[in-house]
Amino acid sequence: MASSAHALAAATPASRDKYVDLLRVASLGTVVLGHWLMAAVSVRGDGRAEVGNLLAVEPRLQLLTWALQVMPVFFFVGGFSHALSYRSLRRKAGENGGEALYSVFLRARLQRLLRPTVVFIGVWGALALALQLAGREGGLLDVSLRLVAQPLWFIGIYLAMVAFTPPLLRLHERYGWGAFGGLVAAAGLVDVLRFGFGVPYVEFLNFAFVWLAVHQLGFLRADGKLGRPYLLAGAGLAGAVALVAYGPYPLSMVGMPGEKISNMAPPTFALLCHGLWLVGGVELLRGAAQRWLRRPRVWRAVVAANGVSMTAFLWHLTAMLGVYGALLALGVRLPEPATGAWWAQVPVRVVVAGVVTALLVTVFRRFEQPSAAVVREPGAPSAGARPAAALGVTLCLFGVLGLSMVGFGGLLEGRTAVLIVVRVTAPVAVAMTLAGWLLVERAGRGRPAAVAA
């Protein structure tokens, strides 16, 4: 991996925006570290282990989520990358490749996302089934079977962003800031209907409006039209502070157990303001970061991390829960969360979880390596490719979102979870994901005429 990273770093064109690559790695790394820190495993009086949330135990720490909830930065980077990728494919496809362009774009952008995700789902699904057939259940194991699937919500949202890139990019190219403003206005209207008039189910629309608005900022960045980042950061921060101080919005920018209103699920206008200030903030750091990235060692490290970032993200909770399981198996006493003894153990747990994650990455990283994306030859049949690709990405989206909610537990009992208004089981969610992935792969293949960057 080091040799490959060295070669890729050496071959980096001068025109590449290295800061975007750094933001991608840094945002996922921050999420991983935040998950490791927030997990508060304790042992009850009856000897059963339970996993709590540090932010619920120590509410004053919820303010840290205003810096550590960095998923908006990742989605902003996604918008930037998707715009460049789609335009590159559009140029290479030309007039004759227009019909196949959407399906090829989906396959090209989703390979590095879906292949490691499908492997993760397959491994955990088989393990969960084997454990249930063997009668192994209870305690930390049951919690783990539910928790390890939760980060898949991010995969589902990202799938939607890729799927909506072509039409939203066309809107951006026509209206610029107006397209972004429309999404912001729609997100605000949703919250007015939700909190002001009690309209049921309307809040789920903000899964699209909030995250796609942040994604749209990436289009503006790709065109150099983001403007003055301090204005974006200031407006976003002022808006978030005002909404939390005077509105119905909680302080935490991540979901909290038992709360009636969450800024995350579904997303709120306060979270959108939070995303604006984060995007403006990271843009203010661009100059200093670009100078740092000129150092060969730094850039090689960023390239190497980018090559395994999705694999590490998928498996980091597995590693963390494995560390806690090992501690319990060895009889190590787990101190009460947020106590001095608990904080003293944090560095050791984080380091060991990092080592276990690295081992898992070594095993599974090859599934993150993309293959060449191709555009169909002029005149090659493309009938049905676009609707098949759209159906495939839709199935994947609902499959991984459903699995993130129901988890891997209770496979044989048909355990269910409510996805918006529909009940789903883990086997159904897995089947939808696999069927969708196969559709995207099949629809996006073609005879090689041009290779996507």
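The rules behind the values
Residues numbered from 1 in each chain as written. Predicted model: local features only at pLDDT ≥ 70, side-chain atom pairs only at ≥ 80, totals over all residues. Heavy atoms only, no water. Helix = DSSP H or I, 4+ residues; strand = E, 2+ residues; numbered from the N terminus. Rg over C-alpha atoms; globule rule 2.2 N^0.38 Å. Buried < 20%, exposed > 50% of the residue type's maximum accessible area, 1.4 Å probe, protein only. Contact = heavy atoms within 4.5 Å. pLDDT = per-residue confidence, 0-100. Pairing = 2+ DSSP bridges. Patch = residues over 30% accessible without salt bridge, like charges linked within 9 Å, V, L, I, M, F, W, Y side chains within 5 Å. Areas by Shrake-Rupley, 256 points an atom, 1.4 Å probe, with all protein chains shown as cover. Salt bridge = Lys/Arg side-chain N within 4 Å of Asp/Glu carboxyl O. Axes fitted to C-alpha atoms, helices over the stretch in contact; angles between N-to-C directions. Parallel < 35°, antiparallel > 145°, perpendicular 65-115°, else oblique. Left-handed = near helix turned anticlockwise from the far one by under 90°. Nonpolar A, V, L, I, M, F, W, Y, C, P; charged D, E, K, R; others polar. Expected span 1.5 Å × (residues − 1). Bend = angle between axes of the 7 residues up to and from the residue. Core = buried A, V, L, I, M, F, W, Y, C linked by side-chain atoms within 4.5 Å.

Visitor: Would you take a moment to explain the overall build of the chain for this structure?
Guide: Counting secondary structure elements, the chain contains 18 helices and 4 strands. Computed over its C-alpha atoms, the radius of gyration of the chain comes to 22 Å, within 12% of the 22 Å expected for a compact globule of 453 residues. With the C-alpha coordinates aligned to their principal axes, the bounding extent of the chain is approximately 70 × 50 × 50 Å. The buried share among the 453 residues of the chain stands at 52%. Considering only intrachain contacts with a sequence separation of at least 6, the fraction spanning at least 24 residues in the chain is 80%.

Visitor: Could you clarify how one ought to interpret the confidence of the model for the chain in this entry?
Guide: Low pLDDT marks stretches whose predicted atomic positions should not be read closely. Per-chain confidence: the chain averages 89 in pLDDT, with 92% of residues scoring 70 or above. Here residues 372-379 is a poorly scored stretch, pLDDT under 50, and it has 33 contacts once near neighbours within four places are set aside; other chains count. In this model, residues 447-453 is a region of pLDDT below 50 whose contacts with residues beyond four sequence positions or in other chains number 23 contacts.

Visitor: It is not clear to me how the environment of Ala-83 should be interpreted in this structure. Could you clarify?
Guide: Here Ala-83 is to be found in helix 5 (residues 71-93). The class for Ala-83 is buried, based on a relative accessible area of 0%. Sequence separation between Ala-83 and Gly-287 is 204 residues; the distance between their C-alpha atoms is 22 Å. Setting aside residues up to four positions removed in sequence, Ala-83 forms contacts with Leu-169, Phe-219 and Ala-222.

Visitor: Teacher, can you tell me more about the pairing of strand 4 (residues 422-425) here?
Guide: Side-chain direction in a regular strand flips from residue to residue, so the side chains alternate between the two faces of the sheet. Here strand 3 (residues 416-419) pairs with strand 4 via 4 bridges, running antiparallel. In the sheet register, Leu-419 faces strand 4, and the bridge partner there is Val-422. Linking strand 3 to strand 4, which pair antiparallel, is a turn of 2 residues; within it Ile-420 sits at a positive phi near 65°.

Visitor: Would you take a moment to explain a nonpolar patch on the surface for this structure?
Guide: The grouping of Tyr-201, Phe-398, Ile-420, Val-421 and Val-422 at the surface amounts to a nonpolar patch, some 470 Å² of accessible area in total. With respect to the secondary-structure elements, Ile-420 resides in the loop between strand 3 and strand 4.

Visitor: In this structure, what is going on with the packing of helix 15 (residues 309-329) against helix 16 (residues 340-364)? I would like to understand it.
Guide: Contact geometry for helix 15 and helix 16: axes closest at 8 Å, N-to-C directions at 130°. The angle between the axes of helix 15 and helix 16 places the two elements in the oblique class. Handedness of the crossing formed by helix 15 with helix 16: right-handed. Every residue of helix 16 that contacts helix 15 at Thr-311, Ala-312, Trp-315, His-316, Thr-318, Ala-319, Met-320, Val-323, Tyr-324 and Leu-327 is listed here: Trp-342, Arg-349, Val-352, Ala-353, Val-356, Thr-357, Leu-360, Val-361 and Phe-364. Of the residues belonging to the contact of helix 15 with helix 16, the class tally is 14 nonpolar, 4 polar and 1 charged.

Visitor: Explain helix 15 to me, please; I cannot follow it from the model alone.
Guide: Residues spaced three or four apart along an α-helix face the same direction, because each turn holds 3.6 residues. Its 21 residues give helix 15 an end-to-end C-alpha distance of 30 Å, which sits within 8% of 30 Å, the value for a rise of 1.5 Å per residue. The largest bend in helix 15 is about 45°, located at Trp-315. Along helix 15, 16 of the 21 residues are buried, which leaves the element largely enclosed by surrounding structure. Once helix 15 finishes, Gly-331 follows within two positions and takes phi at roughly 80°, a positive value.

Visitor: Explain unusual backbone geometry here, please?
Guide: Keep in mind that most residues, glycine aside, have a negative phi and that most peptide bonds are trans. The omega torsion across Ala-265 and Pro-266 is 0°, close enough to zero to call that bond cis. By secondary structure assignment, the location of Pro-266 is in the loop between helix 11 (229-246) and helix 12 (269-284). The backbone phi angle of Tyr-201 is positive, close to 70°, even though this residue is not glycine. Tracing the chain through its elements places Tyr-201 in the loop between helix 9 (177-197) and helix 10 (206-222). Accessibility expressed as a relative area gives 52% for Tyr-201, which makes it exposed. Positive phi, normally seen in glycine, also occurs at Ala-338, with a value near 75°. By the secondary structure assignment, Ala-338 is in the loop between helix 15 and helix 16.

Visitor: I tried to follow the nonpolar core on my own but got confused; where do I start?
Guide: Generally speaking, nonpolar side chains in soluble globular proteins are found buried as a group. Core analysis: the largest hydrophobic core is formed by 123 residues, its most contacted members being Phe-75, Phe-154 and Phe-408. Top element by residues in this core is helix 6 (residues 98-133). It accounts for 15 residues. With sequence-adjacent residues up to four places away left out, Phe-154 is seen in contact with Leu-28, Met-71, Phe-74, Phe-75, Met-310 and Phe-313. The next biggest cluster of nonpolar side chains, apart from the first, holds 5 residues, and it includes Ala-160, Leu-401, Leu-419 and Val-424.

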